[in-house]
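Each chain, letter by letter, is given below.
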Amino acid sequence: MNKIFKNSAVVRALLLGIAFSFTAFTSFGQRTITGTVFSAEENEPLIGATIQVKGGVTGTISDVDGAYSIRATESDTLIFSYVGFLPQEVLVGAQTTIDVALETDAVNMEEVVVIGYGTQRERDLISAISTVESDDIVKTPTPQAMQSLQGRVAGVQIVSNGAPGGAPTVRVRGVGSFEGAGAPLYVVDGMFVDDIDFLNPSDIETMSVLKDASSAAIYGVRAGNGVVLITTKSGSFNQAPQITYDGYYGIQNPQNVIQMSNAQQFAQYIQETGSAADQGFIDNAMQRYGRSTVDPNVPAVNTDWYDLIMSPAPMQSHNVSFSGGTNQTKYSIGLGFIDQEGLLNETRNEFQRFNIRTRVDAILTNWLTVGGNINGSHATRYDGSNAAWFNAYHSVPILPKIDTLNTAASEPQLANAQLLGYRGLQNPFYSLIYNDNRNNIINVVGNFYAQAQIIPDKLSFKTQYNYNFENFNNRSVSFAFNDGVTDRVSSLRRSQQTRFDQVWDNFLTYTDNFGKHNLKVTAGQSYRSEFVEGLFARGTELDPNPTRDNEELWYLDRALNFEQDGIGDFGSNLFFMSYFGRLSYNFDDRYLLYGTYRTDGNNKFQTKWNDFATVGAGWIVSGEPFFNVSGVDFLKLRASWGQLGNDAISPAVGTPTLNPGRLTVFNGAPVEGRIFDPTFDLIDRPETTVETNFGVDARFFNERLSVTADYFIRDTRNLAIFIEQPLIRGAVRRSLGEIRNEGLEVTANWTGGTGDFRYNIGGNFATLNNEVLSLGGADFQQTGGEFLQRSTVGGSYLAFFGYEINGVFQSQADIDNSGYTEEFLANANLAPGDFFFRDQNGDGEINDEDRVALGSFLPDLTFGANLGFSWKNIDFSMLLQGQMGHQILNRKRGEIIFTNDTNIDAELFNNLWRGNGTSDRYPSAAGLRKGWNQNSSEYYIEDGDFWRIQNIQLGYTFGNDRSPNANMPTIRVYATAERPLTVFDYNGFNPEVPNGIDRQVYPVAAVYTLGLNVKF
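Scoring rules and cut-offs
- Residues numbered from 1 in each chain as written.
- Predicted model: local features only at pLDDT ≥ 70, side-chain atom pairs only at ≥ 80, totals over all residues.
- Heavy atoms only, no water.
- Helix = DSSP H or I, 4+ residues; strand = E, 2+ residues; numbered from the N terminus.
- Rg over C-alpha atoms; globule rule 2.2 N^0.38 Å.
- Buried < 20%, exposed > 50% of the residue type's maximum accessible area, 1.4 Å probe, protein only.
- Contact = heavy atoms within 4.5 Å.
- Patch = residues over 30% accessible without salt bridge, like charges linked within 9 Å, V, L, I, M, F, W, Y side chains within 5 Å.
- Areas by Shrake-Rupley, 256 points an atom, 1.4 Å probe, with all protein chains shown as cover.
- Salt bridge = Lys/Arg side-chain N within 4 Å of Asp/Glu carboxyl O.
- Pairing = 2+ DSSP bridges.
- Axes fitted to C-alpha atoms, helices over the stretch in contact; angles between N-to-C directions.
- Lys, Arg positive; Asp, Glu negative; His and termini not counted.
- Charge placed at Lys NZ, Arg CZ, Asp CG, Glu CD.
- Phe/Tyr/Trp six-rings, centres within 6.5 Å; stacked < 30°, edge-to-face > 60°.
- Lys NZ or Arg CZ within 6 Å of the ring centre and 35° of its normal.

J.: In this structure, what is going on with the overall build of the protein? I would like to understand it.
T.: Within the protein, the regular secondary structure consists of 13 helices and 52 strands. The C-alpha radius of gyration computed for the protein amounts to 33 Å, which stays within 12% of the reference 31 Å derived for 1016 residues, consistent with globular compactness. For the protein, the C-alpha atoms occupy an extent of roughly 110 × 75 × 65 Å along the three principal directions. For the protein, the residues scored as buried account for 51% of the 1016 residues in total. Long-range contacts, defined as pairs at least 24 residues apart, comprise 69% of the intrachain contacts of the protein with a sequence gap of at least 6.

What follows is the structure, encoded as structure tokens:
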């Protein structure tokens, strides 16, 4: 017997024989049954409905017209089922045509929401979870999937990044850490990752944002900044093979380009400053390049640097997917390519990414399901030099791009402002032409699982192994050149980082319903490891000198010199063991209870184990017998409390150290030794967030209107902060800080229509109050040098800090009546056209005691609105979003502190003080160069409020009329406008600045695309 079963050929023959015999036996008396499956409510055909012989293995699915055909006997019962509808059983009898109208399942029609280690009915949720579906994700033409959430999810701030392949900044419910970026944890099909830059948006099925502690606490020490769960696409059981192509081609168009002073305005500005040296530079320019034919006192050159360094850029995306399934196996395969060119000219500024995805799930037996998926990507990103944006803002307009008189310069003989007397090159094309920065990124994320039904429909066990491999290779080269004044040597910096993370989860899920009690319990264990290592080095004077045409020579073995500080070898290996559990209970579909617990062990901190828990309760008021409110279909109240952790902070040794040092001189020679350092950091545990959340979910008017609202208080404790030590010079890190984020989130949507016309309209908003509660005994902490940001107990995190301005002194009488003391005025050397700083304490002087908080980069209010409709084959959607109540530091204007021989923007030029009554906002031209007016003040702080038409899409579908020709594909053509209009007052390209400091960020372009979607 053993020999027989060891022979796979014999086994296959036996199985085929049994199957043939069974088929022959059961086919006796069978006949073909045909019909149509449609929805009872809308009388629309249901595509892909399942028709199965009860108790047998025979089954089929309906086609695009809802039609089906199946073999059955008269004694058979057919089961008709479709997701969101109540199943229906029909005895065949003498019938040969059976048409079935399926009724909507009022309970199960509700969304099933992905949560940590499982799913849950939306009706049973106590947590604050927002989900965005694939159809909305792909509306945004971007290589970064998180960008598509902008304006769609209340409480999630997305700050755009205009650079090719640039990832947006993401904040969930404010800032809860003083270290790191505060980004959420991303969980891709069970794998923990720090970002999802590698994912193709077209491969994503859903993105669920776990915003509160009750939803995210199951992820313990990694969930302190929120969690984003990503589920990639899969096929469906009993699905006919389907091929889908989706692609678009578009143009990125720079918008809201800053207008700089032209040559005429610049010459007038210099004259108004009274600077003889700067006027001499203008004279040098006229001698070198000639005079303007319009105004002989102005140089002939009038350069618009922004117009020269950037231009509209194309982008394209192409995706092909294959999916399908039998009654036991489902599969999905996806291929994707995206190419996004940057706005910068004459440099490599581009992002390309290839993606491949495959997923297979198989029901091996009636108790065992296995599956796996792999997401692989290879990306190449060329980063254009950010110095070009900085230089374009500051470069004088009287300098040309090319100077044929600069004969000592390397080709293409770029102009050099130093030849006119200025201190810097200024010309932004030096940084564009003579630098190249390439990043190669390979990323593979995989998941393999097996799920066993130990007790059918009650107890299941799942084991899943997830891994993430990433290889990041950077090569940054600076070419040798002569600028006409100085020879610049070549240099090359290479760095490579390899990362391998893995997660192995094992958990049991028990589900039971008895009487009016409904119970679901999950308990499990998780092992996680994170391994990273890397190398970097920098060499100079490559021989032979590299050029753009000999990339094969761009290697460090060509360098003649190496920088010791530029060479490094690093790595870390972290391990985590966790145990977790969750209980979800409801009684009579009215009273809900929820709780989770997780303990995380690690080798990162001295405190090895950390515990996190959450409890919550909900009440479905509309389920009560006494509830009979007209127009209210569903009403649920919920509340929760929970703890989260954040281990994305640097650990510390936690003890005094012995550092290398030169102790003394012995026999005339220095002796190396060790120096005792009594100062030490003590970060022995992760940061902890404690959050309370109150929520309400309601639906009205026959499910047309849905409303969700949440109010939260989110306190993060054990914050890693710097503490000044008494008696010992220097600061050390301690886990003593505390910060609070508090706010209200509201989302509302209305759907309706008649006949072929359907529409939806909705909106969301979120408020945020950020407050520092403790700094370990200190009243404040600050950073920023000349432009201070201060975290003050009772104030917001890193608020801008400086002087408030009462206006601009219009006359000497204003100065005399300012309230400043005579002694102070005698030393201040004030003149009309200078700022009138507010004397906060009334002592008649302006000093450090008069500085106050000037606003925060965190918005008080974020909002979004959406509108959509469809009529027959036409569909339309529009999304708006915006932010209010935040400020931006116009740091690029502040550069005048360090170098004042540069250009100024046209808005500043047009509004300079030029005599009594001309301006109460900006100082005079001469005043711009005075230290008094260059103090950190409201002058540099601007309102960041904006609203934007985020996305408009118009589409038309061919073949949507359910043509009887089954071979005809469904074709949809569409046009998209992304960010076509942004309304704001800030003096910059874009009011979205990640940390609120604009030293010249990459512009965020408007994108116009034409797309095609074909389904076979």
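J.: Just checking my understanding: could you explain a nonpolar patch on the surface for this structure?
T.: Together, Ile243, Phe322, Ile333, Leu335, Ile356 and Phe1016 give the surface a local cluster of nonpolar side chains, amounting to about 520 Å² of exposed area. Note that Phe322 resides in strand E18 (residues 313-325). Look at Phe322 and you get partly exposed, because its relative accessible area is 30%.

J.: For this particular structure, what's the right way to read the pattern of salt bridges?
T.: For the coordinates displayed, the defined rule picks out 60 salt bridges. A salt bridge links Arg123 to Asp589; the shortest N-O distance between them is 3.7 Å. Taken together, the residues span a long stretch of sequence, with Arg123 in the loop between strand E9 (118-121) and strand E10 (129-133) and Asp589 in the loop between strand E29 (568-587) and strand E30 (591-602) at a distance of 466 residues. Since its relative accessible area comes to 15%, Arg123 is described here as buried. As a salt-bridge pair, Arg475 and Asp436 come within 2.5 Å of each other at their nearest N and O atoms. Remark: Asp436 occurs in strand E22 (residues 435-455) and Arg475 occurs in strand E23 (residues 459-478); sequence separation between them is 39 residues.

J.: Sorry if this is basic, but what is going on with helix H8 (residues 387-394) here?
T.: Most of H8 is tucked away: seven of the eight residues are buried. For H8, the secondary structure elements touched by its buried residues are helix H7 (305-309) and helix H9 (429-433).

J.: Looking at this structure, how should I read the sheet that holds strand E15 (residues 204-210)?
T.: In a beta sheet, neighbouring strands are held together by backbone hydrogen bonds and run either parallel or antiparallel to one another. Strands sit in the order E10-E15-E16-E13-E14 across an open sheet of five strands; the sheet is mixed. The open sheet has two edge strands, E10 and strand E14 (191-193), and neither has a second partner. Strand after strand, the sheet turns through a mean of 20 degrees between neighbouring axes, direction not considered. The pairing of strand E13 (residues 185-188) with E14 spans three bridges and is antiparallel. Counted as the bridge partner of Tyr186 is Val193 from E14.

J.: What is the right way to look at the pairing of strand E16 (residues 227-232) in this model?
T.: Successive residues of a regular strand alternate their side chains across the two faces of the sheet. Counting buried positions over the six residues of E16 gives five, a clear majority of the element. Relative to E16, E13 runs parallel, the two sharing four bridges. Each bridged residue has a counterpart across the sheet, and for Leu185 the counterpart in E16 is Val227. Note that E15 and E16 share six bridges and pair antiparallel. Bridge pairing links Thr206 to Thr231 in E16.

J.: Is there a simple way to think about a negative patch on the surface in this case?
T.: A surface patch of like charges, here negative, comprises Glu41, Glu42, Glu44, Glu103 and Asp756. Classification of Asp756 as partly exposed rests on a relative accessible area of 47%.

J.: Explain the packing of aromatic side chains here, please?
T.: Geometrically, a pair of aromatic rings is defined through the distance of the ring centres and the angle of the planes. In this structure the tally under the stated criterion is 44 aromatic pairs. By way of ring pairs, the aromatic residues Phe787, Tyr803, Phe809, Tyr820, Phe824, Phe835, Phe836, Phe837, Tyr922, Trp932, Tyr939 and Tyr940 are connected into one cluster. Positioned above the aromatic ring of Phe634, the side-chain terminus of Arg699 is 4.3 Å from the ring centre. The positively charged end of Lys892 is found above the aromatic ring belonging to Tyr393, 5.6 Å away from the centroid.

J.: When you look at the sheet that holds strand E3 (residues 59-61) in this model, what are you seeing that I'm missing?
T.: With antiparallel pairing, the four strands of this open sheet are ordered in space as E3-E2-E5-E6. Both edges of this open sheet fall to E3 and strand E6 (88-91), since each of them pairs with a single strand only. Put simply, the sheet's adjacent strands are angled 20 degrees from each other on average, direction ignored. Pairing of strand E2 (residues 50-53) with strand E5 (residues 77-81) involves four bridges; the strand directions are antiparallel. Note that in E5 the partner of Val53 across the bridge is Leu78.

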